[in-house]
Amino acid sequence: MLIESHDPDFVTNNLLLIVMGKLLTPKAAILLRDEKSGEMYVASSKGRTGLAPDVRFHCPPENCPVDKPVYEIDEICDIMPEAVRESGLKLFFTIRTSTEHLGYLCIAPKIGKGHYPAEELNFIENLVIISAVALSNSMLVSRLKSANRELDQKVQELNTLFDISREFNAMVDRSQMLNVFRFTLMGQMFVRRFFFLMRMEGKPQIVIQHGLKGQVSNEAKEQILNMDAEYLEVSAMDNPPEFLVQNEIIALVRVSFQDERAVLGISKRANNESYTRSDYNFLISLGNLAFLSIQKTFLLESRIEKERMEEELTIARTIQNMLFPSPIPKPKPFDIAAINVPSRQVGGDYYDVLCADEKQLYLAIADVTGKGIPASLLMANLQAMLHVLSPLDLDLAATTGKINNIIYKNTPIDKFISFFWGRIDLESMVFEYCNAGHNPPVLWNAEKSSIEHLSTGGMLLGALETMMPYESGTVHLNRGDVVIMFTDGISEAMNEQDEEFGEERIAELLEEHHQKTAGEIQRIILDEVKAFCKGNYGDDITMLLFKVD
Amino acid sequence: MSQFDIYKRQHQSVEILELNGELDAHTAPVLEQHITKLIESEKYQIVVNFSSLEYISSAGLGVFMAYIEDLRERGGDIKLTNMKENVYNVFDLLGFPTLYDILDEESQAIKRFQNPSESE
């Protein structure tokens, strides 16, 4: 029966009972070596030995005598602790197999007389030999059982990681994700309190927790986030934040990705078992998984936001395109060409050609400081004003002053508009213009075969309220005259030597090609600019030119 | 995706949740909803019958962990019954039998709620 049993307790218990019955000894005990710690412990004791079941003592195997089948207490007392020496146990039978020493069977002297007859001792010696085999086997079986259980726990951990990662992959909602994380952590670790701290938008925040009470200061959060070790027990911290102690958080686990980090804090387990190295490894894996998945949701959100912005910009671009004249009015005898290429989706450059009635033709070009959406809003503002004002046949210079006052009120002090506009009387062919701080348009005077610059006007729009009235200039247009209006995206296009294309070059090109059509001249200038800056336009590019045929 | 259903029954003051299918990270929130609803309607005596539950993951166990304290503080409990062996093994592996009443039969759990003095 002893040999068949796989339960060490059953074996030790029965061995003691048989020995005590046979020898009529009032006390007996079995000391075994604990395989994990290497210590000897009281596996079982009967009678009044005074040995508590938790008596353990250090006793290295090399100090344990094992050669004789049985030792007197005097021979062995130097390795035994006081509790055993005073237990009244006198004889120590060596429990060993052919390969390992398991421990000792200890018995007190016989009731009444002191000595055991030799045949009784022989019997016990034999019994101990048989029991040693049974004990060794049963210990092996329990070792296997415990190894099996550890294996099962590992498999369970892997299943859990698999389960949660599959779920995280399918999720985009952060709160759902955190909830699943909460359940998985509490279920797997058997904990009732925990928190997960990470930096969100620069601030340390507890993204999910369970069972915590009280407030956490930002200092405490920073202190926790800055922990050095990969994991640590709160009891080992020099100065643990009150919040951890109060909530019985006993362990912290750190996870990090690139420069970002998060800390998982957990309370003791509901069954009071401590955390092993293997548990910490699991927590690090789980924490990493949660951390990355949560970050993924932020990235996803910012991508969605970016896509939404891009979509809005595309719509804005469409709207802005409609603010430019299309088709461009071309009352006789004018040949007109224009182009606008914003460097971003929307831009701050503007040109317009308005032919309110058969008598007048308005031409305008403007450049708002800056680029993108802020500039495009001002550009739209200016466009609306011109469309309202141009049919009214107002005084050009005075109207420019009024526009300046409106723009001045509408804009922050660092936003200006350089603006040039002009009005051609289609009967008299008089071109009256006003230049508010814009790059002077270039005129080819066909009669004189010379270049002129149209710079009469005043200051930039939006810089100051109008104090000095704007002036207007007048040009009498003749057949063959060409006027090129452009923004600084053309004149200030840079080559690799950081040189500007320059207004001079535009004038030279005009001089050379004035006999060509408006479209051809525009093409030539654009090609030159493109070749000059190798396509790296730094700014919005706009050009408006007309020729008198 | 995993199949999971909950059937709700009542036996006097005791609420019985019968779980069907697979309780994992995906379906755990469903169980959570049921339990929070019971707590909101002040039903604190809950028996969970696992007879038709085929599989449970740690996330499933976590739901029980999350509400047990709450329920016991209000004088209630969650008792677990009729587990298949593979399901019980997970509870056992993770240490749950030390904290939860895990019983063979639903009727035993109901009896314990009705006569708390007789239990153990």
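Here the structure is shown first, and the text comes after it.
Note that this is a predicted model, so its numbers are computed, not measured.

Rules and cut-offs
- Residues numbered from 1 in each chain as written.
- Chains lettered and ligands numbered in written order.
- Predicted model: local features only at pLDDT ≥ 70, side-chain atom pairs only at ≥ 80, totals over all residues.
- Helix = DSSP H or I, 4+ residues; strand = E, 2+ residues; numbered from the N terminus.
- Contact = placed C-beta atoms within 7 Å.
- Buried ≥ 20, exposed ≤ 12 C-beta atoms within 10 Å, placed from the backbone.
- Pairing = 2+ DSSP bridges.
- Axes fitted to C-alpha atoms, helices over the stretch in contact; angles between N-to-C directions.
- Nonpolar A, V, L, I, M, F, W, Y, C, P; charged D, E, K, R; others polar.
- Expected span 1.5 Å × (residues − 1).
- Arc of directions from axis to C-beta.
- Core = buried A, V, L, I, M, F, W, Y, C linked by C-beta atoms within 7 Å.

Peer 1: Give a detailed account of the overall build of chain A, specifying residues and quantitative values.
Peer 2: When helices and strands are counted, chain A shows 13 helices and 22 strands. Summarising the internal contacts of chain A: among those between residues at least 6 apart in sequence, 64% fall at separations of at least 24.

Peer 1: Outline the overall build of chain B, supporting the account with residue identities and numerical values.
Peer 2: When its secondary structure is counted, chain B shows four helices and five strands. For chain B, the N- to C-terminal ordering of α and β elements is β-β-α-β-α-β-α-β-α. Counting only residues that meet the buried cut, chain B has 42% of its 120 residues in that class.

Peer 1: Provide a residue-level description of the sheet that holds strand S22 (residues 541-548) of chain A, including the pertinent values.
Peer 2: All names here are of chain A. Strand order in the open sheet formed by five strands is S12-S22-S21-S17-S18, and the pairing between neighbours is antiparallel. The open sheet has two edge strands, strand S12 (334-341) and strand S18 (450-453), and neither has a second partner. Between one strand and the next, the sheet's axes are offset by a mean angle of 15°, whatever the strand orientation. In this sheet, strand S21 (residues 482-486) lies alongside strand S17 (residues 442-445) in antiparallel orientation, the contact comprising three bridges. Each residue of the ladder has a partner; that of Leu 443, found in S21, is Val 483. Against the sheet, helix H12 (residues 503-513) touches S17, S18 and S21, its axis set at about 25° to S17.

Peer 1: Lay out the sheet that holds strand S2 (residues 40-46) of chain A in plain terms, naming residues and giving numbers.
Peer 2: What links the strands of a sheet is backbone hydrogen bonding, and the strands pair in either a parallel or an antiparallel sense. Residues and elements named next belong to chain A. One open sheet accounts for six strands, arranged S3-S2-S1-S6-S5-S4; its pairing is antiparallel. Of all the strands in the sheet, the pair left with one neighbour each is strand S3 (56-57) and strand S4 (70-72). Alignment of strand S1 (residues 28-33) against strand S6 (residues 101-107), held across five bridges, turns out to be antiparallel. Bridging from a neighbouring strand, Ala 29 pairs with Cys 106 of S6. Where helix H4 (residues 118-169) meets the sheet, its contacts fall on S4, strand S5 (91-96) and S6, and the angle it forms with S5 comes to roughly 40°.

Peer 1: Give me the lowdown on the interface of chain B and chain A, citing residues and values where you can.
Peer 2: Contacts between the two partners involve 21 residues from chain B, matched on the other side by 25 residues from chain A. Secondary-structure elements contributing two or more residues to the side of chain B that touches chain A are helix H1 (28-40), helix H2 (58-73) and helix H3 (85-93) of chain B. Considering every element that reaches the side of chain B that touches chain A, the biggest residue donor is H2(B), with nine residues. Residue classes in the side of chain B that touches chain A are distributed as twelve nonpolar, seven polar and two charged.

Peer 1: Kindly report on helix H10 (residues 396-410) of chain A, identifying the contributing residues and their values.
Peer 2: Residues and elements named next belong to chain A. Here H10 is 15 residues long and its end C-alpha atoms lie 21 Å apart, about the 21 Å a rise of 1.5 Å per residue gives. Three or more residues of H10 are buried, namely Leu 396, Thr 400, Ile 403, Asn 404 and Ile 407. Angular distribution of buried residues about the axis of H10 spans 110°; they occupy a single face of the element. Along its buried surface, H10 packs onto helix H9 (372-389), strand S15 (417-425), strand S16 (430-436) and strand S19 (457-458).

Peer 1: So what's going on with the nonpolar core? Residues and values would help.
Peer 2: Of all hydrophobic cores here, the largest spans 72 residues; its most connected members are A:Val180, A:Phe196, A:Val253, B:Ala28 and B:Leu61. Listed in part, the 58 residues of the second largest apolar core include A:Phe420, A:Leu461, A:Ala493 and A:Leu510.

Peer 1: Would you mind going over the pairing of strand S10 (residues 249-257) of chain A in detail, with residue names and values included?
Peer 2: Working note: regular strand, side chains alternate between the two faces of the sheet. Residues and elements named next belong to chain A. With seven of nine residues buried, S10 is to be regarded as a mostly interior element. Bridging between S10 and strand S11 (residues 260-267) involves eight bridges; their strand directions are antiparallel. Opposite Val 255, over in S11, you have Ala 262 as the bridge partner. Two successive antiparallel strands, S10 and S11, enclose a turn made up of two residues, where Gln 258 displays a positive phi of approximately 50°.

Peer 1: Any details on the environment of A:Gln497? Residues and values, ideally.
Peer 2: Residue and element names in this part refer to chain A. Inspection of the secondary structure puts Gln 497 in the loop between helix H11 (488-491) and H12. Residue Gln 497 is classed as exposed on the basis of its 5 C-beta neighbours within 10 Å. Sequence separation between Gln 497 and Cys 533 is 36 residues, and the spatial gap between their C-alpha atoms is 9.7 Å.

Peer 1: Lay out the pairing of strand S2 (residues 14-23) of chain B in plain terms, naming residues and giving numbers.
Peer 2: Residues and elements named next belong to chain B. Bridging between strand S1 (residues 4-11) and S2 involves eight bridges; their strand directions are antiparallel. Bridge pairing in S2 places Lys 8 opposite Leu 17. The turn linking S1 back onto S2 is made up of two residues, and Gln 12 within it adopts a positive phi angle of 50°. As judged from the eight bridges shared by S2 and strand S3 (residues 45-56), these two strands associate in the parallel manner. Among the inter-strand pairings, Glu 15 is bridged to a residue of S3, identified as Ile 46.

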